[in-house]
Amino acid sequence: MSQSTASRTVAGRSTTPPGGGPRRRKHPLLGKNPFGLLLSAPYLIFVLAVFAYPLVFAFWMSFHDYFFAAPGAAVDRPFVGLDNFREVLADPAIIRSFGNVGVFLLINVPLTVILSLMLATALNKAVRFRTFLRVAYYVPYVTASVAVVGVWIFLFSGNGLVNQILGPLAPDPAWLINEDWAMPTIAIFVTWKGLGFFILLYLAALQNVSEELYEAASTDGAGRIRSFFSVTVPGVRPATVLVLLLSTVTGANLFTEPYLLTGGGGPNGASSSPVLMMYQRGIEQGSPDTAAAIGVILVIGVLILAFIQRKLAGGDES
Amino acid sequence: MSRGQNILRGVVLTVGALVFLFPFYYMVIGSLQKEPDPTVAGAFPNPANLTLDNYGDINSRINLLQGLLNSGIFTGGVILFTVVFGVLVGYALAQLQWRGRGVTFALALLVQVVPFQLLMIPLYVMIARDYGLADNYLGMILPFAINSTAVIIFRQYFLQIPKDLFDAARIDGAGELRILRRIALPLVRPALLTVVLLTFIGPWNEFLWPFLITKEASLQPLAVSLANYLSNIAATAANPFGAVLAGACVLAAPAVILFLLFQRHFVSNNIGSGVKG
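Rules of the game
- Residues numbered from 1 in each chain as written.
- Chains lettered and ligands numbered in written order.
- Predicted model: local features only at pLDDT ≥ 70, side-chain atom pairs only at ≥ 80, totals over all residues.
- Heavy atoms only, no water.
- Helix = DSSP H or I, 4+ residues; strand = E, 2+ residues; numbered from the N terminus.
- Buried < 20%, exposed > 50% of the residue type's maximum accessible area, 1.4 Å probe, protein only.
- Contact = heavy atoms within 4.5 Å.
- UniProt positions renumbered as here; feature names shortened; annotations may be inferred.
- pLDDT = per-residue confidence, 0-100.
- Core = buried A, V, L, I, M, F, W, Y, C linked by side-chain atoms within 4.5 Å.
- Domains from an automatic or database assignment.
- Axes fitted to C-alpha atoms, helices over the stretch in contact; angles between N-to-C directions.
- Parallel < 35°, antiparallel > 145°, perpendicular 65-115°, else oblique.
- Left-handed = near helix turned anticlockwise from the far one by under 90°.
- Nonpolar A, V, L, I, M, F, W, Y, C, P; charged D, E, K, R; others polar.
- Phe/Tyr/Trp six-rings, centres within 6.5 Å; stacked < 30°, edge-to-face > 60°.
- Buried area = accessible area lost by both parts, 1.4 Å probe.
- Salt bridge = Lys/Arg side-chain N within 4 Å of Asp/Glu carboxyl O.
- Polar contact = N/O pair within 3.5 Å; in protein donor to acceptor, adjacent residues only side chain to side chain.
- Expected span 1.5 Å × (residues − 1).
- Bend = angle between axes of the 7 residues up to and from the residue.
- Patch = residues over 30% accessible without salt bridge, like charges linked within 9 Å, V, L, I, M, F, W, Y side chains within 5 Å.
- Areas by Shrake-Rupley, 256 points an atom, 1.4 Å probe, with all protein chains shown as cover.

Visitor: Just to check I follow, could you spell out the overall build of chain B for this structure?
Guide: Of the regular secondary structure elements, chain B holds 14 helices and zero strands. Taken from the N to the C terminus, the helices and strands of chain B come in the order α-α-α-α-α-α-α-α-α-α-α-α-α-α. Projected onto the principal axes, the alpha-carbon positions of chain B cover approximately 75 × 65 × 30 Å. Within the span of chain B, comprising 277 residues, buried residues form 55% of the whole. Partitioning the intrachain contacts of chain B with sequence separation of at least 6 by distance along the chain shows that 73% fall at a separation of at least 24.

Okay, here's the thing in structure tokens:
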């Protein structure tokens, strides 16, 4: 990590404007090296076309009566105010999908933060088989959801291995077709699948926690658990803010898992997600305006959650 | 630190790792079983119940080779765009001073938290309807074309190169294009493998976007055709689980093998700097 700390210092120095430098270029309007703008142009065009414009388009669509029309056909798409939002909020299936993703986040986010921090702390101190262990934890992350979903269906089916081991404790109906268990099972699947990435983030953050702090804590008589809570946890706080944000954003985007694990959000919509509803309403049923309104509500929800998390986790002082 | 605690930590980490790896082991075993055996004994290989038929079965329903090829074109296209344009932006962000640099860097960070799903409907309207790029490799690649994490990793690498190196070349009279070609590009090689690995995971594993935009089976990446098989027609196979798991092994193998071979390049520092900026 020392390398990147050094490079950050370099970055800090280089961002100071070259005021009164000995060799001023002839294009002060575009900066000292306008060539940089040329090099970045393809990327900037990409960001504008694939992120900025669609983002504006999504908001615009959610306030208009938008429908699919033949390419090139001039059709009237009247402004309808909040009609799309009213339609979304009056639809119990969509409301349920928002509730489901809430349940999902309540399980997935804390589990992700706690498990990845604990495993990263243990991995950081492990000496033997470190490579093997690290690889083992991120193999699920690099594998396609579609591939591992097959195994989970097999493992968690009515007479699957998990139920065979649990015997009489197994829930009935089985996990993925049980209204109470479908969403928690998906949340555990996603936690398992993404944990490796968050472990890597925490491992990087742990390199920044000074060894002296641990020594000081142990001189003051703090045990292992005490020093974990008073040195490690505050030391990796910026990483925790990031893990909270990223796992909330990924969680809110849940689609593939309910689509495949529970056959499209079943049973009875108990595991449907807002993005799954966006797909069904927008593409399958041809109401992209309703889908855009779901998306806007989802993003506002994520922003509120991110704001609350930031307040609770203490923002990034680093 | 006591010996007991070390052993305890080792045990916890090893048990955790086995829990993480077990589904993969089970995927391979399941793909080789003649009859699906969900009992505890079925988790161990039983020579009497082993077969490669499931691979033939899934291949007769979805063309595995075509699927792999489509996934490869989709992933390869994204990697190509990312490497070519990512290097240029990364260099410009780290070593050149131009107006808009701060904004560009902020954008590269910001787009990583924009939920793709909000953009899904407008992008579908634009790419599939307006540009007519449905069932087209370019339409698949476009939304992922330049990976912003890769841009930030390139920037990070270029920041580590002393600025003096470039300034010296400038004083010697080298033009910007020449500096880029002769100094910057040769230096970035170590970052390439990290970027390729990191970029690979996205499109290779992506399901939603190619699923929306490809209806024609011969153009679908393997993740999409396998998912369609899983959700529609799996019930008609002789051993549906075996066939699905065989397909899953084929889909997972390239990513897993790549990361086993090059795991040294997928290290915490790179990824951390990539996301933190």
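From this point, things continue past the structure.
Visitor: Sorry, what's going on with the UniProt feature "domain: ABC transmembrane type-1" (unreviewed entry) in chain A here?
Guide: Mapped onto the present numbering, the UniProt feature "domain: ABC transmembrane type-1" (unreviewed entry) falls on residues 98–309 of chain A. Secondary structure over residues 98–309 of chain A splits into 75% helix and 0% strand, and the C-alpha atoms at its two ends are 19 Å apart.

Visitor: Help me understand the confidence of the model for chain A in this model?
Guide: Regions with low pLDDT carry predicted coordinates that are not meant to be interpreted in detail. This prediction gives chain A a mean pLDDT of 84; 89% of its residues lie at or above 70. Here residues 1–22 of chain A is modelled with pLDDT under 50, and outside its nearest four sequence neighbours on either side it reaches 21 contacts, counting other chains as well.

Visitor: What should I look at first to understand the nonpolar core in this one?
Guide: One broad trend across soluble globular proteins is that nonpolar side chains are buried collectively. In this structure, Tyr43, Tyr137 and Phe255 of chain A together with Tyr91, Trp209, Leu212 and Leu251 of chain B are the most contacted members of the largest nonpolar core, which totals 186 residues. Here this core takes 16 residues from helix 8 (residues 182–206) of chain A, the largest share from any one element. Lining this core are residues from two domains, each supplying at least three of them: domain 1 (1–51) and domain 2 (52–276) of chain B. The contacts of Leu251 of chain B, once residues within four sequence positions are left out, are Ala144, Val146 and Ala147 of chain A together with Trp204, Leu222, Ala223 and Leu226 of chain B.

Visitor: How should I be thinking about the environment of Val244 of chain B in this particular structure?
Guide: Residue and element names in this part refer to chain B. You can see Val244 is positioned in helix 13 (residues 240–261). Judged by its relative accessible area of 5%, Val244 falls in the buried class. Considered as a pair, Val244 and Gly30 are 214 residues apart in the sequence and their alpha carbons are 9.2 Å apart.

Visitor: It is not clear to me how the packing of helix 11 (residues 237–252) of chain A against helix 14 (residues 288–313) of chain A should be interpreted in this structure. Could you clarify?
Guide: When two helices pack together, their arrangement is given by the angle between the helix axes and the distance between those axes. All names here are of chain A. Direction vectors running N to C along helix 11 and helix 14 enclose 160°, while the axes themselves pass 10 Å from each other. In terms of orientation, helix 11 and helix 14 fall into the roughly antiparallel class. Where helix 11 crosses over helix 14, the handedness of that crossing is right-handed. Contacts from Arg237, Val241, Leu244, Leu245, Thr248, Val249 and Ala252 of helix 11 reach helix 14 at Leu298, Val302, Leu305, Ala306, Gln309, Arg310 and Ala313. Class assignment of the residues belonging to the contact of helix 11 with helix 14 gives a composition of ten nonpolar, two polar and two charged.

Visitor: Can you walk me through the side chain of Asn100 of chain A in this structure?
Guide: All names here are of chain A. Mapped onto the elements, Asn100 comes out in helix 4 (residues 92–125). Among the residues examined, Asn100 registers a relative accessible area of 8% and is labelled buried. Residues in contact with Asn100, not counting those within four places in the same chain, are Met183, Gly269, Ala270, Ser271 and Ser272.

Visitor: Would you mind showing me how to read the environment of Val84 of chain B here?
Guide: All names here are of chain B. Checked against the element boundaries, Val84 lands in helix 3 (residues 64–95). By relative accessible area, Val84 is classed as partly exposed at 43%. Spatially, the C-alpha atom of Val84 lies 12 Å from that of Arg181, the residues being 97 residues apart in sequence.

Visitor: Which parts of the structure should I look at to understand the packing of aromatic side chains?
Guide: What the rule picks out here adds up to 39 aromatic pairs over all chains. Look at Trp152 of chain A and Trp192 of chain A: their rings are 5.4 Å apart centre to centre, the planes differ by 45°, and that puts the pair in the tilted class. With a gap of 40 residues between them, Trp152 of chain A in helix 6 (residues 145–155) and Trp192 of chain A in helix 8 connect regions that are remote in the sequence. Each member of the pair Trp152 of chain A and Trp192 of chain A is classed as buried. Relative to Phe198 of chain A, the ring of Phe197 of chain A has its centre 5.4 Å away and its plane inclined at 75°; by these criteria the two rings are edge-to-face. In this pair, the class of Phe197 of chain A matches that of Phe198 of chain A, namely buried. Taken together, the ring pairs in this structure connect Tyr137, Trp152, Phe156, Trp175, Trp181, Phe189 and Trp192 of chain A together with Phe20 and Phe24 of chain B into an aromatic cluster.

Visitor: Looking at this structure, I do not really get the interface of chain A and chain B. What am I missing?
Guide: By a frequent convention, interface size equals the accessible area lost on bringing the separate parts together. Across the contact, 103 residues belong to chain A and 100 residues belong to chain B. Here chain A meets chain B over a buried area of about 9100 Å², counting both sides, of which 76% is carbon and sulfur. The tally of links between chain A and chain B comes to zero salt bridges. Where chain A packs against chain B, one counts twelve residue pairs in polar contact (both at pLDDT 80 or more). Residues belonging to the side of chain A that touches chain B are distributed by class as follows: 76 nonpolar, 21 polar and six charged.

Visitor: What am I meant to see in unusual backbone geometry here?
Guide: Excluding glycine, most residues fall at negative phi; most peptide bonds, likewise, are trans. For Asn268 of chain A, which is not glycine, the phi torsion reads 55° and is therefore positive. Position of Asn268 of chain A among the secondary structure elements: in the loop between helix 12 (256–261) and helix 13 (274–284). The backbone of Asp135 of chain B sits at a positive phi, close to 50°, despite the residue not being glycine. If you trace the backbone, Asp135 of chain B turns up in the loop between helix 5 (116–130) and helix 6 (137–141). Judged by relative accessible area, Asp135 of chain B falls into the partly exposed class, the value being 26%.

Visitor: For this particular structure, what's the right way to read helix 5 (residues 130–142) of chain A?
Guide: Helical geometry: 3.6 residues make up each α-helical turn, so side chains three or four residues apart lie on a common side. The terminal C-alpha atoms of helix 5 of chain A lie 18 Å apart, and with 13 residues this matches the ideal 18 Å at 1.5 Å per residue to within 8%. Remark: the principal bend of helix 5 of chain A, roughly 30°, maps to Ala136 of chain A, with a proline, Pro140 of chain A, within the next four residues. By the burial criterion, the buried members of helix 5 of chain A are Leu133, Arg134, Val135, Ala136, Tyr137, Tyr138, Val139, Pro140 and Val142 of chain A. Residues of helix 5 of chain A that are buried make contact with helix 4 and helix 8 of chain A together with helix 1 (3–31), helix 10 (189–205) and helix 13 of chain B.

Visitor: Help me understand the UniProt feature "transmembrane region" (unreviewed entry) in chain B in this model?
Guide: Residue and element names in this part refer to chain B. Per the UniProt record, the feature "transmembrane region" (unreviewed entry) sits at residues 7–28, 73–93, 105–125, 137–158, 179–201 and 241–262. In the segment residues 73–93, helix accounts for 100% and strand for 0%; the C-alpha atoms at its two ends are 29 Å apart. Its end C-alpha atoms 32 Å apart, residues 179–201 is made of 96% helix and 0% strand.

Visitor: Just checking my understanding: could you explain a nonpolar patch on the surface for this structure?
Guide: A cluster of nonpolar residues, Ile300, Ile304, Leu305, Phe307, Ile308 and Leu312 of chain A, forms a patch on the protein surface that exposes about 600 Å² of accessible area. Among the secondary structure elements, Phe307 of chain A is positioned in helix 14.

Visitor: Help me understand the packing of helix 3 of chain B against helix 4 (residues 101–110) of chain B, please; the structure alone is not making it clear to me.
Guide: Residues and elements named next belong to chain B. Where helix 3 meets helix 4, the axes come as close as 10 Å, and the angle between the chain directions of the two elements is 130°. Here helix 3 lies oblique to helix 4, going by the angle between them. Here the hand of the crossing between helix 3 and helix 4 comes out left-handed. Residues Val89, Ala92, Leu93 and Ala94 of helix 3 form the contact with helix 4, whose participating residues are Arg101, Thr104 and Phe105.

Visitor: Could you clarify how one ought to interpret the UniProt feature "transmembrane region" (unreviewed entry) in chain A in this entry?
Guide: Sites flagged by UniProt as "transmembrane region" (unreviewed entry) map to residues 35–61, 101–123, 135–161, 181–206, 227–249 and 290–308 of chain A. Across residues 290–308 of chain A one finds 100% helix and 0% strand; the C-alpha atoms that close the span lie 27 Å apart.

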